[in-house]
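Reading the structure
So the chains spell out like this:
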2 protein chains.
Amino acid sequence: MNSTAAVVSPAADAPQGKEQQAAGVGILLQISMLVLSFVLGHVLRRHRFYYLPEASASLLIGLLVGGLANISNTEANIRTWFNFHEEFFFLFLLPPIIFQSGFSLSPKPFFSNFGAIVTFAIFGTFIAAIVTGILVYLGGLTFLMYKLPFVECLMFGALISATDPVTVLSIFQELGTDVNLYALVFGESVLNDAMAISLYRTMSSVRSNTSSGQNFFLIIVQFLETFVGSMSSGVGVGFISALLFKYAALDIENLHNLESCLFVLFPYFSYMLAEGLGLSGIVSILFTGIVMKHYTYSNLSENSQRFASSFFHLISSLAETFVFIYMGFDIAMEEHSWSHIGFIFFSIIFIVIARAANVFSCAYLVNLVRPVNRKIPMKHQKALWYSGLRGAMAFALALQSVHELPEGHGKTIFSTTTAIVVLTVLLIGGSTGTMLERLEVVGDGHNNELLSYEEHHDGYVAPTYEEGASSESNLKTKLMEFHKTATSFTELDKNYLTPFFTSQTDDDDLDFGGSSHQSRRGGFYDL
Amino acid sequence: MNSTAAVVSPAADAPQGKEQQAAGVGILLQISMLVLSFVLGHVLRRHRFYYLPEASASLLIGLLVGGLANISNTEANIRTWFNFHEEFFFLFLLPPIIFQSGFSLSPKPFFSNFGAIVTFAIFGTFIAAIVTGILVYLGGLTFLMYKLPFVECLMFGALISATDPVTVLSIFQELGTDVNLYALVFGESVLNDAMAISLYRTMSSVRSNTSSGQNFFLIIVQFLETFVGSMSSGVGVGFISALLFKYAALDIENLHNLESCLFVLFPYFSYMLAEGLGLSGIVSILFTGIVMKHYTYSNLSENSQRFASSFFHLISSLAETFVFIYMGFDIAMEEHSWSHIGFIFFSIIFIVIARAANVFSCAYLVNLVRPVNRKIPMKHQKALWYSGLRGAMAFALALQSVHELPEGHGKTIFSTTTAIVVLTVLLIGGSTGTMLERLEVVGDGHNNELLSYEEHHDGYVAPTYEEGASSESNLKTKLMEFHKTATSFTELDKNYLTPFFTSQTDDDDLDFGGSSHQSRRGGFYDL
């Protein structure tokens, strides 16, 4: 380090070496922080100290190092060491995190709550984004906060609606909670990323084409293009991988390494294919993850299955921890202007309101069509509302907005998002245990609920009550149609997709993620 | 892609997206080439077509795509897509390859041939580098080839002396060859990388300080600083990791992911620590690999052991294949000036001579002290001489020399090195099978040899012959002292290091890499 400081003038022949040395020190620092985070997280977990989950610990380590760097006035040096390229974030850190969230989805609870999850993720996120956007715009109009144009408010609304469940879910798992609640929280947060990105991109392109007249129809088309296009490309790559592994017969010989190499390359292929087509790689890799887990995974040899699970878990843990450290570091290093404080304060209030609008209205709709014994209870709705942490996805989109929006606007959004991420992770993450206990959703026999649900699954039980105005029952009929679509998707999967894309032919192939889903995802305590 | 072409002028608001899209297409292309290489390699291997090993196939794919890109005149576009940063190469591709080569070293045959390997790798590489350097300098003086200053000739000699055994060894494995020959070729090529880097760096710093008077003593100190310093830091990190895993007791609980995360971070830590200290990260990570395999590995839980082996194997396969593809691509894209042809031609002749000087003189020295039944037979010497492919390491150092040397010189060295890599990989890689059969070293009972060797291992058998001039027996005495040092190192390891750094206490802990070494390293056919 001494020598780095000594060579201030760019020496003609050795800048390469010095640069490499600086990069080395930067990465060394990062690795040390990673190691520290893992160890600290482990120690806290071991002592059942749920007020500081691992993500919060990583954030705090980042904050601490960033603060120290600030005080010691080596800021510029550390910044170059940290050398955090946005490209690196989007091409290397985010894909594994998103893929893993799709890949770790347990098929059974996910598909049995498919209708509700899709309602929360698609319709609910839409509501949340619009509500947040409108409130922020109104806040600007009434001089409560920094004034942004309406489209930018909607962009902010979209990006801040992407929730990150990692902390909440790891605590859910450890305390043991209802399977359906778990599936709802997890499924919603996974899919709402896709929705938030698509909304954000649509709004972003609306903003840049603002001169050429905004056709509402075109906006819809653009949104569908991003969302459906990315989803299809992801699902397509997933299906191709399933067929490849089904017919290449790599599992009969000892081709473990070749199998793993190919399996590991597919998610990336999906991501890059979508990006290359101008679609959203994140949305694509998410669906590739879901499809690969559901179909391709079962075509692997047993060794490779074990390896692939561990591999993606490892990579995503590293990436996730790194992202949290970086966010903490960044918020400590940033130049804070006090004008942001008001924006941050009101934004937090608004996103709480927006999340309530999302969860309770969607739950109302879902409950309309669900039979009495399967309604989402109020305590689950509250837990779902509470679980709206913001994480890597919101951060990533805010990072993007800095480049896309005019100087001050992007910076405001970025600062606000970073602050919201830090606050929600620390506060909500730290209080989830207490919340779950208050709501009495801890450890109640989830297997019973799952079972009692299963009985009603295949044959849809008609609701035993008939009431409400005609408009409501009209809505209800439509919702029930949708519900039937979701159910028939499960049938389609069982009868056609699974036999076609996997080598298993027995009926219980869906079971591999069923009751054992707790050991399949998250935490350091699974295998 | 259409849209990429459409936006030629840098649009004010969307360059970020476009750049990301271009990067996406580039990486997509790279992934496709990777997949193609793996599949092609697999097919060739399956049909036992040894004339085109996997590395050669990857090289050819790179050459092909590069050639196509050249013809279709989209060169500039593809170049930006390919976006190959040197930093990426040094920080992300090279470390896993080098770590894996240390990590996959089977301790037993390596340590039993320790003296011979060190002789070939340290002394032999030194000879080879000096001989190549002098010959290239003489070639320049006699107008046979482009004239380089003497120090630069030595730099070229050093970098071109780093051999890459990956292709040869995978064929050795498949055909089944003598364990001791395998250990010699593998061990030498692993350690000679470290030697070549240290020599290269020393020469490089001699060159840049050429004004301040070259003190021979200082050069030696500098070399020792790089080599011994990097080695110590690598070994130190390895030992720390061994102690951590021994006492953290991560293997008793189900902490598989935490264990793996930490295990995976250590090599990187070692690499970056050395780089940060201004030492050689490559040398450091290599020794960390050897130490971690020998000590830390046995402190892991069984699951993590399996995972770690697969993980590093996977990562290094990907990196290695990618490096070969890139080298092929690069040589096809490069602007070739015909002045290099002469340099390439004579360089090849010179490195063949230098390798002969290395192998046969070192073998002579080794045979002086070895008992009659353990002498390195001539056919093994020939095989060792023949196995001197040049690969990623030489390429990486040549890439560095482009920045360090004056325009024309660095370019000449880089072109020559790339050409030598391609030629040796294609020619030597393709003919290794034939060579091994000609030399009759294929499939002779290697287990027997290992056993017969083992008998003489602990108690050193004095040579049964006494002849030669006094100077020769003087040399012999010294060599025998050295041989005893190597033997006593094995004792030290057995009695002190292994009990201290691992949790195993029984005597046969060295056995885990012994007879099963074939399944431990390389190829797609293990596990």
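Once a new chain begins, its residue numbering starts again from 1 and follows that chain's sequence as written. For this description, chains carry letters from A and ligands carry numbers from 1, given in the order in which they are written. Note on the predicted model: pLDDT of at least 70 is required for a residue's local features to be given, and 80 or more for side-chain atom pairs to be given and counted; whole-chain, interface and lining totals, by contrast, use all residues. Side-chain measures were taken over the full set of non-hydrogen atoms in the model, leaving aside hydrogen atoms and water.

Where an unreviewed UniProt entry is consulted, chain A appears under the name Sodium/hydrogen exchanger, with the organism given as Rhynchospora pubera. UniProt positions are given in the numbering used here, feature names are shortened, and annotations may be inferred rather than shown by experiment. What the UniProt record of chain A gives under Subcellular location (unreviewed entry) is the line "Membrane".

In DSSP terms, a helix is any run of H or I states spanning at least four residues, a strand is any run of E spanning at least two, and both are numbered starting from the N terminus. The number of helices and strands found in chain A is 21 helices and zero strands. Here a residue-residue contact requires only that any non-hydrogen atoms of the pair lie within 4.5 Å. By sequence separation, contacts in chain A at least 24 residues apart represent 84% of the contacts at least 6 residues apart.

Once that is clear, we can look at the environment of S37 of chain A. Summarising the element assignment, S37 of chain A is placed in helix α2 (residues 15–46). Once the C-alpha coordinates of S37 of chain A and P499 of chain A are considered, the two residues, 462 residues apart in sequence, prove to be 43 Å apart.

Turning our attention to the packing of aromatic side chains. Pairing of aromatic rings covers Phe, Tyr and the six-membered ring of Trp, with a centre-to-centre limit of 6.5 Å; geometry is then stacked below 30 degrees between planes, edge-to-face above 60, and tilted otherwise. Here the structure, examined in full by the defined rule, presents 48 aromatic pairs over all chains. Aromatic side chains F360 of chain A and W385 of chain A sit 6.2 Å apart centroid to centroid with 45 degrees between the ring planes, which places their arrangement in the tilted category. Taken together, the residues F360 of chain A in helix α15 (residues 339–369) and W385 of chain A in helix α16 (residues 378–386) connect sequence positions 25 residues apart. Throughout this description, buried means an accessible area under 20% of the type-specific maximum (1.4 Å probe, protein chains only), exposed means over 50%, and partly exposed covers the range between. W385 of chain A sits in the partly exposed class, given a relative accessible area of 30%. When the centroid spacing of 6.0 Å and the interplanar angle of 50 degrees are considered together, the rings of F263 of chain B and F312 of chain B count as tilted.

So, on to helix α14 (residues 302–333) of chain A. Across its 32 residues, α14 of chain A extends 46 Å between first and last C-alpha, which sits within 8% of the 46 Å expected from 1.5 Å per residue. Of all 32 residues making up α14 of chain A, 27 are buried, and the element is well covered by its neighbours. One fewer than the residue count of a helix, multiplied by 1.5 Å, yields its expected span.

Residue and element names in this part refer to chain A. Salt bridge criterion: a side-chain nitrogen from Lys or Arg within 4 Å of a carboxyl oxygen from Asp or Glu. In total, this model carries four salt bridges over all chains according to the counting rule given. Here R207 makes a salt bridge to E152, at a shortest N to O gap of 3.4 Å. With R207 in helix α10 (residues 179–208) and E152 in helix α8 (residues 150–160), this pair connects stretches of sequence that are 55 residues apart. Summarising the burial analysis for this pair, R207 and E152 share the class buried.

What follows is about the packing of helix α11 (residues 216–247) of chain B against helix α13 (residues 281–294) of chain B. Residue and element names in this part refer to chain B. Angles here are taken between N-to-C directions and fall from 0 to 180 degrees, while the axes themselves are lines fitted to C-alpha atoms, restricted in helices to the stretch in contact. Relative orientation of the contacting elements α11 and α13 amounts to 35 degrees, with a least axis distance of 7 Å. When you trace α11 past α13, the crossing you get is right-handed. Mapping the contact onto sequence places F227, S230, M231, S233, G234, V235, V237, G238, F239 and S241 in α11 and V283, S284, F287, T288, V291 and M292 in α13. Class assignment of the residues belonging to the contact of α11 with α13 gives a composition of nine nonpolar, seven polar and no charged. By definition, any crossing whose near helix is turned counterclockwise from its far helix by less than a right angle is left-handed, and any crossing with a clockwise turn is right-handed. The residue classification treats Ala, Val, Leu, Ile, Met, Phe, Trp, Tyr, Cys and Pro as nonpolar and Asp, Glu, Lys and Arg as charged. All others, Gly included, are polar.

For the rest of this paragraph, the subject is the confidence of the model for chain A. All names here are of chain A. Mean pLDDT over chain A stands at 76; residues scoring 70 or higher make up 76%. Looking at the elements of chain A, mean pLDDT is at its lowest for helix α1 (residues 2–6), recorded as 34, and at its highest for α8, recorded as 91. For residues 1–15, every residue scores under 50 in pLDDT, and the model assigns this stretch ten contacts once sequence neighbours within four places are set aside. Predicted confidence is poor over residues 505–527, with pLDDT under 50, and the contacts of this stretch with residues over four places away or in other chains come to 60 contacts. Per residue, pLDDT measures the predictor's confidence, with a range of 0 to 100.

Turning next to the state of the cysteines. Sulfur atoms of two cysteines make up a disulfide when they are within 2.5 Å. Scanning all chains against the criterion turns up zero disulfides over all chains. Here C261 of chain A stays unpaired: no disulfide links it, and the sulfur of C261 of chain B, its closest cysteine neighbor, is 20 Å away. On the accessibility criterion, C261 of chain A (0% relative accessible area) is buried.

Bringing a nonpolar patch on the surface into the picture now. Residue and element names in this part refer to chain A. Two distance rules govern patches: like charges are joined within 9 Å, and nonpolar side chains (Val, Leu, Ile, Met, Phe, Trp, Tyr) within 5 Å, applied only to residues with over 30% relative accessible area and no salt bridge. Surface exposure here means Shrake-Rupley accessible area, sampled with a 1.4 Å probe, where a residue is shielded only by the protein chains that are shown. Where nonpolar side chains cluster on the molecular surface, the patch consists of I134, L138, L141 and F150 and spans about 320 Å² of accessible area. Per-element tally for the nonpolar patch: the top contributor is helix α7 (residues 114–141), with three residues. With respect to the helices, strands and loops of the structure, F150 is situated in helix α8.

Let us now look at the packing of helix α3 (residues 54–71) of chain A against α14 of chain A. Packed helices, taken two at a time, are described by their axes: the angle between them and the distance between them. All names here are of chain A. Look at α3 against α14: their axes get within 7 Å of each other, and the N-to-C directions meet at 35 degrees. Regarding α3 and α14, the two cross each other, and that crossing is right-handed. Residues E54, A55, S58, L59, G62, L63, V65, G66, G67, A69 and N70 of α3 pack against T321, F324, I325, M327, G328, F329, I331, A332 and M333 of α14. Looking at side-chain class alone, the contact of α3 with α14 contains twelve nonpolar, seven polar and one charged residues.

Another point: the side chain of S316 of chain A. All names here are of chain A. Tracing the backbone shows S316 in helix α14. Engagement of the side chain of S316 in a polar contact is seen with the backbone oxygen of H313, the distance being 3.2 Å. Among residues more than four places away in sequence, those in contact with S316 are P96, I97 and Q100. Any pair of nitrogen or oxygen atoms within 3.5 Å is treated as a polar contact; in protein, a donor-acceptor pairing is required on top of that, and neighbouring residues in sequence qualify only through side-chain atoms on both sides.

Moving on to the environment of T177 of chain B. Tracing the backbone shows T177 of chain B in the loop between α9 (166–175) and α10 (179–208). Considering only alpha carbons, one finds T177 of chain B and L436 of chain B, 259 residues apart in sequence, at a separation of 8.5 Å.

Below, the discussion takes up the environment of F269 of chain A. Here F269 of chain A lies in helix α12 (residues 256–276). Look at F269 of chain A and you get partly exposed, because its relative accessible area is 23%. Sequence separation between F269 of chain A and L224 of chain A is 45 residues; the distance between their C-alpha atoms is 22 Å. Beyond its immediate sequence surroundings of up to four residues, F269 of chain A is in contact with V237 of chain A together with L28, I31 and S32 of chain B.

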